[in-house]
Every structure is written in structure tokens, then in C-alpha cells.
2 protein chains.
Amino acid sequence: MNIEVANFLREHKSQLLQDWMTAMKKLGDERSLNIISNDLFENTSHEFIEAAVSNIVDSEKEYQQRVERITERAVKIGWPLNFLLTGLSELKTMILNLMRQEKNYTSEETVELITEIDKWVAPMSTQIVESYSNNWEKTVSLQKVAL
Amino acid sequence: MNIEVANFLREHKSQLLQDWMTAMKKLGDERSLNIISNDLFENTSHEFIEAAVSNIVDSEKEYQQRVERITERAVKIGWPLNFLLTGLSELKTMILNLMRQEKNYTSEETVELITEIDKWVAPMSTQIVESYSNNWEKTVSLQKVAL
């Protein structure tokens, strides 16, 4: 099943990016959207989807570097943590729906598919939360030293 | 389907709590587990599951207060944000597996069930991330004032 998800992602990357941007523009609050230009939104979204797909096509090291870069960029442009996490959850739903449109899965296969997609996204979610937490903790401890 | 999930949660709360604590003891790192006594772990876990179920049985206001309380407590005892988020994701998987053990669902029903459980957990996840973010931002801005 893992190879099936991987192939699907490779083949549908551009469509996923377009659908994801449309969904996030609907979901995002003013704080997340109005602060950046449309170009920056598109570039960051592109980087986000590339990082997510990278988990399947690139080496572990390259994947982690990509996730770190996109998280740093998101912190910098002021995207709240919840915006990124909602984005990941939206991506999971989109992939599942698209895959189910293309093929009939049994109940067992559907659960297996959802588990695969979850397993694929979970490390990215954990790493994003970790980076945000570290970033905050670093700021707090740097300020403490300065106090 | 929503009522089905609600009834299931009401009836299986104690079992879910026991299974959840076992799972979290396996998943948790030293930072999350060794810092607190077993009693405090059990009390906090109990409060966590109560807060999650509260979304279905209590009023919106009571539910939000419960989530706020458990998040404050988690921050206080030093549980990392990722520990709580992994806990929520574990809870979803446990509920789905238990429900599927008790009844045969078709592929359509399975997806509907997963969507229902997701919809039920998503606001708690968002609120927990929000509370952690606010807590960090408050600390950073209080320190800035003191600098």
C-alpha cells in the first residue's frame, strides 16, 4: 500500500498543490493570509507540499532538512502553528478523497490506506511542533539570559 | 453516526482510559513520564479523557473550560505539546479499532466513522495548540517588557 500512496503522490503533486492552496485560502484566518503577498503564499505552499512529498521520494536527511526549512520560513512569515497543522490534516483528507475517487477500496483497504497516509504525515507533524516548541523555548531562554 | 460515536464513548470511557494510559506509557519519552508521579499521571490522564469525551456530553462552554484546565495542567507538569498531540492521535486510533471490533462497517461507513472521530477530536487539538502558543507568546512578551 505504501508504494501505491507514494506513486499517487508523485503523479498528483501539482493537483494537490492547487487544491491545497484553494482549501487553505478558505480555511486561513486574516492573521495567516493577509500578512503575506500572493507570491510568497504560493512559494511557501509549494515548499510545504514538496517537503511533505519529500518523505517518500528523498533520503531521510534531505526530508528533515526540507521540513526544517519550511518550518523556519513559516515561523518567519508569521504563520501560526495551527495553520500548518490544519494544512497537514487538510492534505491527508484531500489525498484520501482523491485516491478513493480513482479506485474502489474495501473497508479493510480503506483503513489500511488511512493508516498509511497517517503514518506518512505523522513525522512531519511531530517535527513541525518540535521546531515551533524549540523556537519558542530558545527565545524564552535567550530573553532570560538578557534579563 | 455522531450519536453512535457519542454512545460508544460514554459506554467505553473506563476502558479507553486504561488502554490510553498503557499506550502513552509505551509512547512517552523520559521527559514526559519520569517527571511526574504515577498518581499524577493517572489523574492527568483521567482529566484528559474526561475533557475529550466532554465535547459530546457537556455544553460547549464546559467543554472549553475542561480543555483549558487540562492544557494548563499539562504545561505546568511539563508535558511537551507533542506528547498531548500524540495522545489525541492515539485516542482516535483506539476508538476506531474498538468500534470496528464490535461491528462490521462497510467502506463508506468506515470513512464516515473516521471523519466523525476526526471532527470530534479536531477542536480539542486546535485548542491545545492555541493554548500552548498563547502561553509561550505571553511569556515572550512579558519578558520583553521586563528587558
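Parameters and conventions
- Residues numbered from 1 in each chain as written.
- Chains lettered and ligands numbered in written order.
- Predicted model: local features only at pLDDT ≥ 70, side-chain atom pairs only at ≥ 80, totals over all residues.
- Heavy atoms only, no water.
- Helix = DSSP H or I, 4+ residues; strand = E, 2+ residues; numbered from the N terminus.
- Buried < 20%, exposed > 50% of the residue type's maximum accessible area, 1.4 Å probe, protein only.
- Contact = heavy atoms within 4.5 Å.
- Areas by Shrake-Rupley, 256 points an atom, 1.4 Å probe, with all protein chains shown as cover.
- Lys, Arg positive; Asp, Glu negative; His and termini not counted.
- Charge placed at Lys NZ, Arg CZ, Asp CG, Glu CD.
- Expected span 1.5 Å × (residues − 1).
- pLDDT = per-residue confidence, 0-100.
- Axes fitted to C-alpha atoms, helices over the stretch in contact; angles between N-to-C directions.
- Parallel < 35°, antiparallel > 145°, perpendicular 65-115°, else oblique.
- Left-handed = near helix turned anticlockwise from the far one by under 90°.
- Nonpolar A, V, L, I, M, F, W, Y, C, P; charged D, E, K, R; others polar.
- Buried area = accessible area lost by both parts, 1.4 Å probe.
- Salt bridge = Lys/Arg side-chain N within 4 Å of Asp/Glu carboxyl O.
- Least-squares fit on C-alpha atoms with pLDDT ≥ 70 in both.
- Phe/Tyr/Trp six-rings, centres within 6.5 Å; stacked < 30°, edge-to-face > 60°.

## Comments concerning the overall build of chain A
Helices and strands together make up the secondary structure of chain A, namely six helices and zero strands. When the backbone C-alpha atoms are referred to their principal axes, chain A occupies close to 60 × 30 × 25 Å. For chain A, the proportion of its 147 residues judged to be buried stands at 46%. Within chain A, contacts between residues at least 6 apart in sequence are counted, and of these 79% link residues at least 24 apart. Total accessible area on chain A stands at roughly 7,700 Å², and carbon and sulfur atoms take up 47% of it. The distance from the centre of the 16 positive side-chain charges to the centre of the 23 negative ones in chain A is 5 Å.

## Description of helix α3 (residues 38-57) of chain B
Here α3 of chain B is 20 residues long and its end C-alpha atoms lie 28 Å apart, about the 28 Å a rise of 1.5 Å per residue gives. Along α3 of chain B, the residues that are buried comprise Phe 41, Thr 44, Ser 45, Phe 48, Ile 49, Glu 50, Ala 51, Ala 52, Val 53 and Ser 54 of chain B.

## Considerations on the confidence of the model for chain A
The predicted model of chain A has a mean per-residue pLDDT of 86, with 97% of residues at 70 or higher. Put simply, helix α2 (residues 30-33) of chain A is where chain A has its lowest mean pLDDT, 68, and helix α5 (residues 81-102) of chain A is where it has its highest, 91.

## A word on the packing of helix α1 (residues 2-27) of chain B against α3 of chain B
All names here are of chain B. Running from N to C, α1 and α3 cross one another at 150°; their axes reach a closest spacing of 10 Å. In terms of orientation, α1 lies roughly antiparallel with respect to α3. The two elements α1 and α3 meet at a crossing, and its hand is right-handed. Between α1 and α3, the residues in contact are Ala 6, Leu 9, Arg 10, Lys 13, Leu 17, Trp 20, Met 21, Met 24 and Lys 25 and Asn 38, Phe 41, Glu 42, Ser 45, His 46, Phe 48, Ile 49, Glu 50, Val 53, Ile 56 and Val 57, respectively. Its residues assigned to classes, the contact of α1 with α3 shows twelve nonpolar, three polar and five charged.

## Here we look at the packing of α5 of chain A against helix α6 (residues 107-146) of chain A
Residue and element names in this part refer to chain A. Two elements in contact, α5 and α6, have axes whose closest approach is 10 Å; the angle formed by their N-to-C orientations is 165°. The pairing of α5 with α6 is recorded here as roughly antiparallel in orientation. Here α5 runs over α6; the crossing is right-handed. Each residue belonging to the contact of α5 with α6 can be placed in one class, and the counts come to 18 nonpolar, two polar and three charged.

## Here we look at the interface of chain A and chain B
Taken together, the contact between chain A and chain B spans 24 residues of the former and 24 residues of the latter. Contact with chain B buries area across many residues of chain A, yet Asn 82, Trp 136 and Gln 143 of chain A alone supply 28% of it, more than any other trio. Between chain A and chain B we count two salt bridges in total. Among the salt bridges present, the one from Glu 108 of chain A reaches Arg 100 of chain B, with a minimum N-O distance of 3.0 Å. Among the secondary structure elements, those contributing two or more residues to the side of chain A that touches chain B are α5 and α6 of chain A.

## Observations concerning the relation of the copies chain A and chain B
Note on the copies: chain A fits chain B at an RMSD of 0.0 Å, the axial shift is 0.0 Å, and the rotation between them is 180°. Viewed as a symmetry operation, the transformation between the two copies matches a two-fold axis. Measuring from the rotation axis to each C-alpha of chain A, the shortest distance belongs to Ser 107 of chain A, at 1.9 Å. Here 100% of the interface residues in chain A have copies in chain B that are interface residues too; the copies meet face to matching face.

## Quick notes on the packing of aromatic side chains
Within the structure shown, the criterion is met by nine aromatic pairs over all chains. Seen from their ring centres, Trp 20 of chain A and Phe 48 of chain A are 4.7 Å apart, and the 20° between their planes marks the pair as stacked. Of the two residues, Trp 20 of chain A is situated in helix α1 (residues 2-27) and Phe 48 of chain A in helix α3 (residues 38-57); the sequence distance between them amounts to 28 residues. Phe 48 of chain A matches Trp 20 of chain A in its accessibility class, with the two residues each being buried. Ring plane angle 65° and centroid distance 6.1 Å describe the contact between Phe 41 of chain A and Trp 79 of chain A, whose orientation is recorded as edge-to-face. Placement of the pair is Phe 41 of chain A in helix α3 and Trp 79 of chain A in the loop between α4 (60-77) and α5, with a sequence separation of 38 residues. Per residue, the accessibility class of Phe 41 of chain A equals that of Trp 79 of chain A, and both read buried. Through a chain of ring-to-ring contacts, the aromatic side chains of Tyr 132 and Trp 136 of chain A together with Tyr 132 and Trp 136 of chain B assemble into a single cluster.

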